[in-house]
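Structural overview for review
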Amino acid sequence: MMPFTTRPELRGTFGAVSTTHWLASGVGMAVLERGGNAFDAAVAAGLTLQVVEPHLNGPGGDLPAVFWPVSRGEPVVLCAQGVAPAAATIERVRGMGHEMIPGTGPLAACVPGAFGGWLLLLQEFGTWRLEDVLAFAIGYAEHGYPVVAGITGTIEYSEPLLREWPGSAALYLPAPRPGTTFRNPQLATTWTRLLAEARGGSRDEEIERARRVFYDGFIAEEIDRFSRENGGLLDADDMRDWRATLEQPVTLDYHGLTVCKTGPWGQGPVGLQQLALLSGFDIGELSEEELVHVVTECAKLSFADRDAAYGDALPVPLDTLLSTEYNDERRKLVTDEASDELRPGLGRLPSLHTPGDALSLGVGEPTRGDTVHLDVADRFGNLFSATPSGGWLQSSPVIPALGWPLGTRAQMFWLEEGLASSLKPRTRPRTTLSPGLALRGGEPWLAYGTPGGDQQEQWALHVFLHHVHRGLNLQEAVDAPDFHTQHLIDSFYPRGFAPRSLFIEERAGDDVVRGLSARGHDVTVAPPWSLGRVCAVKREDGQLVAAANPRGMQGYAVAR
């Protein structure tokens, strides 16, 4: 009998786009249809996602990407992760009465990196003019887009907080109903003004002028003013001095594949560490119970290293963390029983403590993930993966003159000296954002990723493992029952730790759940179709293949 999938695994030869929202997927394909390449399509889709999923990302957020541009013939990482303000010191923030950086409000703002990242990508690898890729986002902001249930639910839950922020209340209250048309005219005005001030000259000149308008023009001036008036530390100098960068990826060779991730300013190397540990197991031969157990135990070890050693304030010993010798030793810690320990092999864990104040509305990143994802493949051979996030409507006040809020990524720093992730001026917070790219035979093969905070390098990894080892096609792998652990230090305020925790979808079955409980896992059975939002596209045998997640009823793939 043919296996059932929630949607077909899409195949074509012209182009493939998979994102967390059908409108962005449609935009990406529209750009490809009109002659654009994967990078033109990604920029247009990414800017659209800022409009149609404002509870999951926005112009005040951040952007990591990993991709294969044919023009370079090698994998590249885009770091558009904004840095902490120059004034953001541990002493300064502690002096304001905080033992942790709050999860909401302007104090947690870093430089908004996403726009600078999209501009750099367009300038270096795209072909379209900025006005043309921005037209879709401006159209949805000005003329409206259909509200998804997630927007309504987020606004309703956060309403007491939003009422305290005049710009947010004016834009988002009362909460728009699912399916109705919602507009953000001020955002459209902001982008239209930016284009007007940037217009003229060559494509490159316009893009560079737009960057200056955002980071050293009226947008930066408005951010500076709003931040100063609302207790933030971000200012015009921080904006002016920052630029997105291109970097080499961190890579691991695994079963004939080369998996490419960002540096340890994201959590991408956690995925590589898990693969290095899992290389000692025959993943294809494990039972479902054994698979979940082994993968979870390897995740615990890898995330412990993340929590002790990743960040931007100290050098991170990735050569050791990804070495065969190190992982051969670490693998010996995996037994048939669930571990209740947080066991890094290197570095120093932060001091865990219970925050003094009650948890505020709007903080952190719920399990479903305040994040979006997009993957694009084109007929020219380019392959792209990005996980934009931050600038969430529920986490910081809307700046009335701009139509969007700042981000709150600084909550991921620690106000404790001597850690790789200690707060330090002009450094990057260690984020959870983790797009993925895999090469086969040195050629681009798979682009994949998911929203989900600390679950990103679990949910995405599981799809990868099911596809590579278990014989599932891309859509089957995305549809497979998912699971994750929170046996790690939560990356978001208030930084909790849930030892032996294991969340697994009900569809895994009673026998698997009972077996895992008997091994000592603290199992929470999640509703069917509730864990994961993985997108994926790949190039294989002259075809382009795409899959999208049915969970949340938003993600969609397009291919032809």
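Read on for a plain summary of the structure. For every chain, the first residue of the written sequence is number 1, and numbering continues from 1 along that sequence. For this predicted model, a pLDDT threshold of at least 70 governs which residues receive local features, and a threshold of 80 or more governs which side-chain atom pairs are given and counted, while totals over whole chains, interfaces and linings are taken from all residues. Side-chain measures here rest on the full set of heavy atoms in the structure, leaving out hydrogens and waters.

When a carboxyl oxygen of Asp or Glu is within 4 Å of a side-chain nitrogen of Lys or Arg, the pair counts as a salt bridge. Considering all chains together, one arrives at 38 salt bridges under this definition. Across the salt bridge formed by R11 and E540, the nearest N and O atoms sit 3.9 Å from each other. Here R11 is found in strand β1 (residues 10-12), whereas its partner E540 is found in strand β19 (residues 535-540), with 529 residues between them in sequence. Taking the shortest distance from any N to any O, the salt bridge between E416 and R348 comes out at 2.8 Å. Of this pair, E416 sits in the loop between β13 (404-405) and β14 (436-440) while R348 is found in the loop between α15 (324-331) and β10 (374-378), placing the two residues 68 residues apart along the sequence. Exposure remark for E416: the relative accessible area of 16% places this residue in the buried category. Residue class for R348 comes out partly exposed when judged on its relative accessible area of 39%. Helix numbers and strand numbers start at the N terminus; a helix is a DSSP run of H or I with at least 4 residues, a strand a run of E with at least 2. Working definition: with a 1.4 Å probe on protein chains only, accessible area under 20% of the residue-type maximum means buried, over 50% means exposed, and in between means partly exposed.

Now for helix α4 (residues 114-125). Along an α-helix, a turn takes 3.6 residues, which lines up residues three or four apart on a common side. With 12 residues, α4 extends 16 Å between its outermost C-alpha atoms, agreeing within 8% with the 16 Å of an ideal straight helix rising 1.5 Å per residue. Extensive coverage of α4 is indicated by the burial of 10 of its 12 residues. Residues of α4 that are buried include every one of A114, F115, G116, G117, W118, L119, L120, L121, L122 and F125, and no others. A helix is expected to span 1.5 Å multiplied by its residue count minus one.

Further remarks concern the packing of aromatic side chains. When the centres of two rings from Phe, Tyr and Trp lie within 6.5 Å, Trp using its six-membered ring, the rings pair. Their planes under 30 degrees apart give stacked, over 60 give edge-to-face, and anything left gives tilted. Overall, the coordinates contain 17 aromatic pairs when judged by the stated rule. Ring geometry for F39 against F384: centres 6.1 Å apart, planes inclined by 90°, an arrangement best described as edge-to-face. Note that F39 is positioned in helix α2 (residues 38-52) and F384 in strand β11 (residues 383-386), a separation of 345 residues in sequence. Across the pair, exposure class does not vary: F39 and F384 are buried alike. When the ring of F115 is compared with that of F214, the centres are 4.9 Å apart and the planes differ by 25°; the resulting orientation is stacked. Of the two residues, F115 sits in helix α4 while F214 sits in helix α9 (residues 203-216), which places them 99 residues apart along the sequence. As far as burial versus exposure is concerned, F115 and F214 are alike and both buried. Seen from the ring of W414, R495 lies directly overhead, with NZ or CZ sitting 4.0 Å from the centre. For a ring to carry a charge above it, either NZ of a lysine or CZ of an arginine must fall within 6 Å of the ring centroid while also lying within 35 degrees of the normal to the ring plane. A cation sits over an aromatic face here: R560 above F14, 4.0 Å from the ring centre.

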